[in-house]
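The residues making up each chain are set out below.
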Amino acid sequence: MFFQLSEDELIFPDPRLAEADGLLAIGGDLSVERLLNAYSNGIFPWFSEGDPILWYAPLERCVIFPNKIKISKSMKKVLSDETFVITIDKAFKEVIVNCANTPRKGQDGTWITNEMQEAYINLYKLGFAHSIEVWLNKTLVGGLYGLKMNSVFCGESMFSHVSNASKAALIYLSKLNIDLIDCQLPNDHLMSLGAEMISNEAYLEILQQEQPI
């Protein structure tokens, strides 16, 4: 079963009680306080336009350990040639809008609704959400965004308008001061870059370790 969240309380049920597909709860809101509480417990929202807010805590997480990321020879050349200019937190709104609007194979629409965009822009303004931007000839051609919780970067989405742009963003992210990149759910692209599946218990153990100053 899944749980109905109260509008007045920010408490989530135990993530271990999620359905087989990861669905844990329904309802609530996308306030900063509720989102931070969710992510600190390995829970994230995922729903389509017109649907109620759905909260997920997958029994297995797709993650990338930064020291295990796979960089192909051709990608190493792209990076060494400095084909792209890569920045952090310079165009968060533009990144999330592009993630929402870039067509994806096998998807008719986007789960990054206007409500979701507004919520994560609020998190960015408060310093909780971050973006990585990839530029080519001063044009934004790729990027990703997510939340940093302790030493874990909880990735939300990425986009690419030219070949290798999103890979460049992910590789750049892996070089920052983080222990784990949470990709939430697997796909072929992520697995080719070295992503692997770990249990939610193992994920929470890493997530809830406070990062030393």
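Refer to the structure presented above.
Thresholds, definitions, all that
Every chain is numbered independently, its residues counted from 1 as its sequence is written. Given that this is a predicted model, residues contribute local features only at a pLDDT of at least 70 and side-chain atom pairs are listed and counted only at 80 or more, while totals for whole chains, interfaces and linings are drawn from all residues. Side-chain measures were taken over the full set of non-hydrogen atoms in the model, leaving aside hydrogen atoms and water. Secondary structure elements follow DSSP: runs of H or I of four or more residues count as helices, runs of E of two or more count as strands, with numbering from the N terminus. A simple rule labels every residue: compare its accessible area, found with a 1.4 Å probe on the protein chains alone, to the largest value its type can have, and call it buried under 20%, exposed over 50%, or partly exposed in between. Whether two residues touch is decided by their heavy atoms; if any such pair falls within 4.5 Å, the residues are in contact. In this description, accessible areas are obtained by the Shrake-Rupley approach with a 1.4 Å probe, and a residue is regarded as covered only by the protein chains that are shown. The charge count includes Lys and Arg as positive and Asp and Glu as negative, but it does not include His or the ends of the chains. Note on charges: their place is set at NZ of Lys, CZ of Arg, CG of Asp or CD of Glu. A carboxyl oxygen of Asp or Glu within 4 Å of a side-chain nitrogen of Lys or Arg is what we treat as a salt bridge. Two cysteine sulfurs form a disulfide in these notes if their separation is within 2.5 Å. Should DSSP find at least two bridges between two strands, the strands are taken to pair. Throughout, right-handed denotes a crossover for which the path from the first strand over the helix to the second runs clockwise when the strands point away from the viewer. Only C-alpha atoms enter the line fits that serve as axes; for helices the fit covers just the stretch in contact. Angles between N-to-C directions range over 0 to 180 degrees. When an angle is under 35 degrees it counts as roughly parallel; over 145 it counts as roughly antiparallel; between 65 and 115 it counts as roughly perpendicular; any other value is oblique. Each residue gets one of three labels, nonpolar for Ala, Val, Leu, Ile, Met, Phe, Trp, Tyr, Cys and Pro, charged for Asp, Glu, Lys and Arg, and polar for the others, Gly among them. Here a crossing is taken to be left-handed if its near helix is turned anticlockwise relative to the far helix by less than a right angle, and right-handed if that turn runs clockwise.

K.L.:
Is there a simple way to think about the overall build of the protein chain in this case?
P.N.:
Scanning the protein chain from N- to C-terminus turns up 7 helices and 11 strands. Seen through its principal axes, the protein chain has C-alpha atoms that stretch 50 × 40 × 35 Å. Within the protein chain, the proportion of its 213 residues that are buried is 50%. Taking all contacts inside the protein chain whose residues are at least 6 apart in sequence as the whole, residues at least 24 apart take part in 68%. Carbon and sulfur atoms make up 52% of the accessible area of the protein chain, which totals about 11,100 Å². Where the 17 positive side-chain charges of the protein chain centre and where its 27 negative ones centre are 14 Å apart.

K.L.:
Just checking my understanding: could you explain the pattern of salt bridges for this structure?
P.N.:
A side chain with one charge can pair with a side chain of the opposite charge if their charged atoms come near. Under the defined criterion, the tally for this structure stands at 5 salt bridges. Asp182 serves as the salt-bridge partner of Arg61, at 2.6 Å between the closest nitrogen and oxygen. With Arg61 in strand β5 (residues 60-64) and Asp182 in strand β10 (residues 180-184), this pair connects stretches of sequence that are 121 residues apart. With a relative accessible area of 1%, Arg61 lands in the buried category.

K.L.:
When you look at the state of the cysteines in this model, what are you seeing that I'm missing?
P.N.:
Every disulfide links exactly two cysteines, by a covalent bond between their sulfur atoms. Applying the stated criterion across every chain, the model contains 0 disulfides. Just so you know, Cys62 is unpaired, no disulfide at all, and the nearest cysteine sulfur is the one on Cys183, 4.6 Å from it. When its relative accessible area of 13% is taken as the criterion, Cys183 is described as buried.

K.L.:
Explanation requested: the pairing of β10 in the structure shown.
P.N.:
Within a regular beta strand, the side chains point alternately toward one face of the sheet and then the other, so they alternate between its two faces. Burial of β10 is extensive: 5 of the 5 residues sit out of reach of the surface. Here β10 shows two buried faces, one formed by Leu180, Asp182 and Gln184 and the other by Ile181 and Cys183. Note that β5 and β10 share 3 bridges and pair antiparallel. If you follow Cys62 over to β10, its bridge partner there is Gln184. Assessed by its sense of winding, the connection that carries the chain from strand β9 (residues 152-160) through helix α5 (residues 165-174) to β10 is right-handed.

K.L.:
How should the packing of helix α1 (residues 32-40) against helix α4 (residues 114-125) be read in this particular structure?
P.N.:
Relative orientation and spacing of two packed helices are given, respectively, by the angle between their axes and the distance between those axes. Put simply, α1 and α4 touch, their axes get as near as 10 Å, and they point 85° apart. Classified by the interaxial angle, the pair formed by α1 and α4 is roughly perpendicular. Contact residues: Val32, Leu35, Leu36 and Tyr39 in α1; Ala119, Tyr120, Asn122 and Leu123 in α4. Taken together, the residues of the contact of α1 with α4 break down into 7 nonpolar, 1 polar and no charged.

K.L.:
What should I look at first to understand the packing of helix α3 (residues 92-101) against α4 in this one?
P.N.:
With their axes 10 Å apart at the nearest point, α3 and α4 run at an angle of 155° to one another. Viewed along their axes, α3 and α4 adopt a mutual orientation that is roughly antiparallel. Between α3 and α4 lies a crossing whose hand is right-handed. For the pair α3 and α4, contact is made by Phe92, Lys93, Ile96, Val97 and Ala100 and by Met116, Gln117, Tyr120, Ile121 and Tyr124, respectively.

K.L.:
It is not clear to me how the sheet that holds β5 should be interpreted in this structure. Could you clarify?
P.N.:
Sheet strands pair by backbone hydrogen bonding; their relative direction is either parallel or antiparallel. Judged by pairing direction, the sheet is mixed, and its 7 strands sit side by side in the order β6-β7-β8-β9-β10-β5-β11 without closing on themselves. The strands lining the two open edges of the sheet, one partner per strand, are β6 (85-88) and β11 (196-199). Neighbouring strand axes in the sheet, compared pairwise and without regard to direction, differ in orientation by 35° on average. The sheet contacts of α1 involve β8 (139-149), β9 and β10, and relative to β8 the element is tilted by about 75°.

K.L.:
Sorry if this is basic, but what is going on with α1 here?
P.N.:
Each α-helix winds once per 3.6 residues, and so residues spaced three or four apart point in a common direction. If you check which residues of α1 are buried, you get Val32, Arg34, Leu35, Leu36, Ala38 and Tyr39. Directly beyond the C-terminal end of α1, a positive phi value near 75° is found at Gly42.

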